[in-house]
Amino acid sequence: MKINELIKDVYTTNAEKDVLEEINHPTPLSSFNEREQVIINNLVRKSLISKVNNRGHILVMKNETYT
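Residues numbered from 1 in each chain as written. Predicted model: local features only at pLDDT ≥ 70, side-chain atom pairs only at ≥ 80, totals over all residues. Heavy atoms only, no water.

**Brief notes about the pairing of strand β2 (residues 49-54)**
Phase 1: The sheet contact formed by β2 and strand β3 (residues 57-62) spans six bridges and is antiparallel. Bridging from a neighbouring strand, Val52 pairs with Leu59 of β3.
Phase 2: Two successive antiparallel strands, β2 and β3, enclose a turn made up of two residues, where Arg55 displays a positive phi of approximately 55 degrees. (Pairing = 2+ DSSP bridges. Helix = DSSP H or I, 4+ residues; strand = E, 2+ residues; numbered from the N terminus.)

**Looking at the environment of Ile39**
Phase 1: Within the secondary structure layout, Ile39 lies in helix α3 (residues 34-45).
Phase 2: Residues Ile39 and Leu20, spaced 19 residues apart in sequence, show a C-alpha to C-alpha distance of 9.3 Å.
Phase 3: If we skip the residues at most four places from it in the chain, Ile39 touches Ala15, Glu16 and Val19. (Contact = heavy atoms within 4.5 Å.)

**Re the sheet that holds strand β1 (residues 27-28)**
Phase 1: In space, the three strands of this open sheet follow the order β1-β3-β2, with antiparallel pairing throughout. Each of the sheet's edge strands pairs with one partner strand only, and the pair in question is β1 and β2.
Phase 2: Across the sheet, α3 is in contact with β2 and β3; its angle to β2 comes to roughly 105 degrees. (Axes fitted to C-alpha atoms, helices over the stretch in contact; angles between N-to-C directions.)

**Digging into α3**
Phase 1: With twelve residues, α3 extends 17 Å from end C-alpha to end C-alpha; this agrees with the ideal 16 Å at 1.5 Å per step.
Phase 2: When α3 is considered as a whole, its buried residues turn out to be Glu36, Ile39, Ile40 and Leu43. For α3, the angular spread of buried residues about the axis comes to 105 degrees, placing them on one side. Counted as exposed and oriented over 90 degrees from the buried face of α3: Glu34 and Arg45.
Phase 3: In this structure, the buried side of α3 is in contact with α2 (14-22), β2 and β3.
Phase 4: For α3, the N-terminal capping position is held by Asn33, with its side-chain oxygen 3.2 Å away from the main-chain nitrogen of Arg35.
Phase 5: Remark: Ser47 follows α3 within two positions and exhibits a positive phi of approximately 65 degrees. (Expected span 1.5 Å × (residues − 1). Buried < 20%, exposed > 50% of the residue type's maximum accessible area, 1.4 Å probe, protein only. Arc of directions from axis to C-beta. Polar contact = N/O pair within 3.5 Å; in protein donor to acceptor, adjacent residues only side chain to side chain.)

Put into C-alpha coordinates, the structure is as follows:
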(Lines give C-alpha, C1' and ligand atoms only; values in the text may rest on other atoms or scores of the structure.)
Protein backbone atom coordinates (compact mmCIF):
# COMPACT_ATOMS: atom_id res chain seq x y z
CA MET A 1 0.00 0.00 0.00
CA LYS A 2 1.33 3.44 -0.91
CA ILE A 3 1.61 6.29 1.58
CA ASN A 4 -0.72 8.53 -0.45
CA GLU A 5 -3.37 5.80 -0.27
CA LEU A 6 -3.18 5.91 3.53
CA ILE A 7 -3.34 9.69 3.78
CA LYS A 8 -6.66 10.92 2.46
CA ASP A 9 -6.50 14.65 3.21
CA VAL A 10 -3.41 16.67 2.40
CA TYR A 11 -3.27 20.23 3.71
CA THR A 12 -2.84 22.78 0.92
CA THR A 13 -2.61 26.54 1.13
CA ASN A 14 -4.79 28.86 -0.94
CA ALA A 15 -1.85 29.56 -3.26
CA GLU A 16 -1.28 25.83 -3.75
CA LYS A 17 -4.97 25.30 -4.52
CA ASP A 18 -4.88 28.08 -7.12
CA VAL A 19 -1.85 26.60 -8.89
CA LEU A 20 -3.32 23.10 -8.66
CA GLU A 21 -6.51 24.32 -10.39
CA GLU A 22 -4.45 25.83 -13.25
CA ILE A 23 -2.89 22.47 -14.14
CA ASN A 24 -5.42 20.47 -16.14
CA HIS A 25 -3.03 18.71 -18.51
CA PRO A 26 0.78 18.29 -18.77
CA THR A 27 2.15 21.86 -18.73
CA PRO A 28 5.75 23.03 -19.17
CA LEU A 29 7.28 24.15 -15.89
CA SER A 30 8.86 27.11 -17.65
CA SER A 31 5.40 28.57 -18.36
CA PHE A 32 5.00 29.39 -14.65
CA ASN A 33 6.62 32.34 -12.92
CA GLU A 34 9.25 31.85 -10.20
CA ARG A 35 6.79 32.03 -7.31
CA GLU A 36 4.49 29.48 -8.91
CA GLN A 37 7.47 27.18 -9.53
CA VAL A 38 8.28 27.24 -5.80
CA ILE A 39 4.65 26.36 -5.05
CA ILE A 40 4.80 23.56 -7.63
CA ASN A 41 7.90 22.14 -5.93
CA ASN A 42 5.94 22.11 -2.65
CA LEU A 43 3.11 20.24 -4.37
CA VAL A 44 5.62 17.74 -5.77
CA ARG A 45 6.86 17.08 -2.22
CA LYS A 46 3.25 16.53 -1.13
CA SER A 47 2.78 14.06 -4.04
CA LEU A 48 -0.04 16.10 -5.58
CA ILE A 49 1.90 16.92 -8.76
CA SER A 50 4.52 15.01 -10.73
CA LYS A 51 7.39 16.34 -12.80
CA VAL A 52 8.04 14.51 -16.07
CA ASN A 53 11.07 14.97 -18.31
CA ASN A 54 9.95 14.91 -21.96
CA ARG A 55 12.78 15.37 -24.47
CA GLY A 56 14.62 17.87 -22.29
CA HIS A 57 11.49 19.77 -21.25
CA ILE A 58 10.12 19.44 -17.74
CA LEU A 59 6.36 19.04 -17.66
CA VAL A 60 4.16 19.09 -14.57
CA MET A 61 0.85 17.30 -14.19
CA LYS A 62 -1.57 16.30 -11.47
CA ASN A 63 -1.28 12.85 -9.99
CA GLU A 64 -4.22 10.62 -10.87
CA THR A 65 -5.45 10.13 -7.32
CA TYR A 66 -5.98 13.88 -6.83
CA THR A 67 -7.78 14.83 -10.07
